[in-house]
Amino acid sequence: MKTFEDKIKGCFDNFDNIEKPTYTRIELNLYADFVELISLFSNTDGVSSGDILDRFFGTKDYSDNENINAEQRDKDESFINEILMIIEERVKLYENDYPFSFENSEILLLKENLNWRSKLYLGLLISSKLNIFNEFTPELATEFETISYFVFKSYLPDYSIIKEFGKNTEYTGNAINKITQLASDLGLDIDSDELECVSERNYQERGLDVIGWIPFDDNCKNKLVYLAQCACGKDKESKFHDTRRFENYLLFYKTKPQHIMFIPYSLINVSKGKFYQSDLIEKDFLIFERKRILNLFKKEEVFNALEMNKIVENCIAYTEDIV
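Calculation criteria
- Residues numbered from 1 in each chain as written.
- Predicted model: local features only at pLDDT ≥ 70, side-chain atom pairs only at ≥ 80, totals over all residues.
- Heavy atoms only, no water.
- Axes fitted to C-alpha atoms, helices over the stretch in contact; angles between N-to-C directions.
- Helix = DSSP H or I, 4+ residues; strand = E, 2+ residues; numbered from the N terminus.
- Parallel < 35°, antiparallel > 145°, perpendicular 65-115°, else oblique.
- Left-handed = near helix turned anticlockwise from the far one by under 90°.
- Contact = heavy atoms within 4.5 Å.
- Nonpolar A, V, L, I, M, F, W, Y, C, P; charged D, E, K, R; others polar.
- Pairing = 2+ DSSP bridges.
- Core = buried A, V, L, I, M, F, W, Y, C linked by side-chain atoms within 4.5 Å.
- Buried < 20%, exposed > 50% of the residue type's maximum accessible area, 1.4 Å probe, protein only.
- Salt bridge = Lys/Arg side-chain N within 4 Å of Asp/Glu carboxyl O.
- Lys, Arg positive; Asp, Glu negative; His and termini not counted.
- Polar contact = N/O pair within 3.5 Å; in protein donor to acceptor, adjacent residues only side chain to side chain.
- Expected span 1.5 Å × (residues − 1).

## A few points about the packing of helix α2 (residues 28-40) against helix α5 (residues 116-127)
Then step 1. Remark: α2 packs on α5, axes separated minimally by 11 Å, with the N-to-C direction vectors making an angle of 120 degrees. Considering the angle they form, α2 stands oblique to α5. In this structure, α2 crosses over α5, and the sense of that crossing is left-handed. Touching Asp33, Glu36, Leu37 and Leu40 of α2 are Tyr121, Leu122 and Leu125, all from α5.
Then step 2. For the contact of α2 with α5, the residue count by class is five nonpolar, no polar and two charged.

The structure is reproduced here in structure tokens:
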């Protein structure tokens, strides 16, 4: 069995083996995440636009064919500058929670003596890069559900009822039993024809990670219900349909449930007041992304006890060790 040290070394090796990620050209916010990782794993000199240019495009000699290569260099530099513009946005957007300084808009540098909220930012950054931190996928995915649970508790009124339905759920048995218990708590009826289609050998959560509802002091089935999915991996778009499955199982009365997606990515496009890659987000979804999660998560003691925090601390120590 691999030790923690073995797994964290495997993650460092994964990162070292990626010169340039394979995102599409328009996924600039994801490139910005990768640049932040470069800075995290760089020494105290930080990372400059030239460093990023070299890593992404190699140490090209743009002078061989003056006209062609000058044009290519302009394109490459323009691409890097667009990424760095997002970094500049994040400095202003996240303020004291941002774990990096961007000296004169030239050097991206990990701050010293990070507070716990800045470490949470790094934890969310790491959770959004499971292709690199794949050794810790089960831990990070489960703990992201925990973080999402507390974020949701902070967001909804105090008298709301919020429960985990994923890895940390209190519901027991197979999926049919769990859904039946949930329906009883909600005071809702079940569509038996739909629920009997679920295999009795299925013990998974069927795509629902966190659920919340705002109760009334009566027994009427009409109430606001929130169905949430927590998605760390790159295939997050495919999970938008998961919570909708529960509209088949549960007979919501006179109002549809609100669907929610928790994502560790930084999606806020400050200049446009919308999300990056907005076209990939389905309608009728409320999104909690990195900024919103940071604003709403208040449980320092919970974060400090997570494996996620231990991973972050080791990444920072790795940074210090290579200086």
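Next comes the rest of the write-up.
## Here's the deal with the sheet that holds strand β3 (residues 107-110)
Then step 1. In space, the three strands of this open sheet follow the order β1-β3-β2, with antiparallel pairing throughout. Either end of the sheet is taken by a strand with one partner, and the two such strands are β1 (47-48) and β2 (100-103).
Then step 2. Packing against the sheet, α2 makes contact with β1, β2 and β3, and its axis sits at approximately 60 degrees to β3.

## Description of the nonpolar core
Then step 1. Leu40, Phe56, Leu122, Phe133, Phe262, Ile287 and Ile311 are the most contacted members of the largest nonpolar core, which totals 87 residues.
Then step 2. Excluding its chain neighbours within four sequence positions, the residues that come into contact with Ile311 are Phe4, Ile8, Ile126, Phe133, Phe136 and Leu140.
Then step 3. Among the nonpolar cores identified, the runner-up in size contains 20 residues, and Ile179, Ala183, Leu227 and Phe246 belong to it.

## Thoughts on the packing of α2 against helix α3 (residues 49-57)
Then step 1. It is the contact of α2 with α3, at a shortest axis distance of 11 Å, that shows an interaxial angle of 110 degrees. Compared by their axis directions, α2 and α3 come out roughly perpendicular. Residues Tyr31, Phe34, Val35 and Ile38 of α2 form the contact with α3, whose participating residues are Ile52, Arg55 and Phe56.
Then step 2. For the contact of α2 with α3, the class distribution of residues is six nonpolar, no polar and one charged.

## Considerations on unusual backbone geometry
Then step 1. In this structure, Glu95 is a non-glycine residue whose phi angle is positive, near 50 degrees.
Then step 2. Tracing the sequence through the fold places Glu95 in the loop between α4 (66-94) and β2.
Then step 3. Here Glu95 falls in the exposed class, since its relative accessible area comes to 57%.
Then step 4. Even without a glycine there, the phi angle at Lys254 is positive, about 70 degrees.
Then step 5. You can see Lys254 is positioned in the loop between β8 (250-251) and β9 (258-262).

## Points about the pattern of salt bridges
Then step 1. For the structure on display, the rule yields 16 salt bridges.
Then step 2. In this structure, the salt-bridge partner of Arg290 is Glu36, at a minimum N-O distance of 3.9 Å. A residue pair is termed long-range when its members are at least 10 positions apart, and Arg290 in helix α10 (residues 290-296) and Glu36 in helix α2 qualify at 254 residues. As far as the burial class goes, Arg290 and Glu36 line up, both buried.

## Describing the sheet that holds strand β7 (residues 224-230)
Then step 1. Spatial strand order, β4-β6-β7-β9-β12: five strands in an open sheet with mixed pairing. The sheet is open, and its two borders are formed by β4 (161-164) and β12 (285-288), each paired with just one other strand. For this sheet the average axis-to-axis angle between neighbouring strands, irrespective of direction, equals 20 degrees.
Then step 2. Examined bridge by bridge, β9 and β12 share four bridges and lie parallel to one another. By the bridge assignment, Ile260 is partnered in β12 with Leu286.
Then step 3. In the packing of helix α6 (residues 137-155) onto the sheet, contacts are made with β4, β6 (210-214), β7, β9 and β12, and the angle to β4 comes to roughly 175 degrees.

## A closer look at the side chain of Glu145
Then step 1. Note that Glu145 resides in helix α6.
Then step 2. For the buried Glu145, no salt bridge is present, and the opposite-charge side chain at shortest range is Lys167, 4.4 Å distant.
Then step 3. A distance of 3.1 Å separates a polar atom in the side chain of Glu145 from the backbone nitrogen of Lys167.
Then step 4. In contact with Glu145, not counting residues within four places along its chain, are Glu164, Gly166, Lys167, Asn168, Asp209, Val210 and Cys230.

## Digging into α5
Then step 1. Helix length check: α5 (12 residues) gives 16 Å between terminal C-alpha atoms against 16 Å at 1.5 Å per residue, within 8%.
Then step 2. The element α5 is largely enclosed, with a buried count of 12 among its 12 residues.
Then step 3. Among all positions in α5, only Trp116, Arg117, Ser118, Lys119, Leu120, Tyr121, Leu122, Gly123, Leu124, Leu125, Ile126 and Ser127 are buried.

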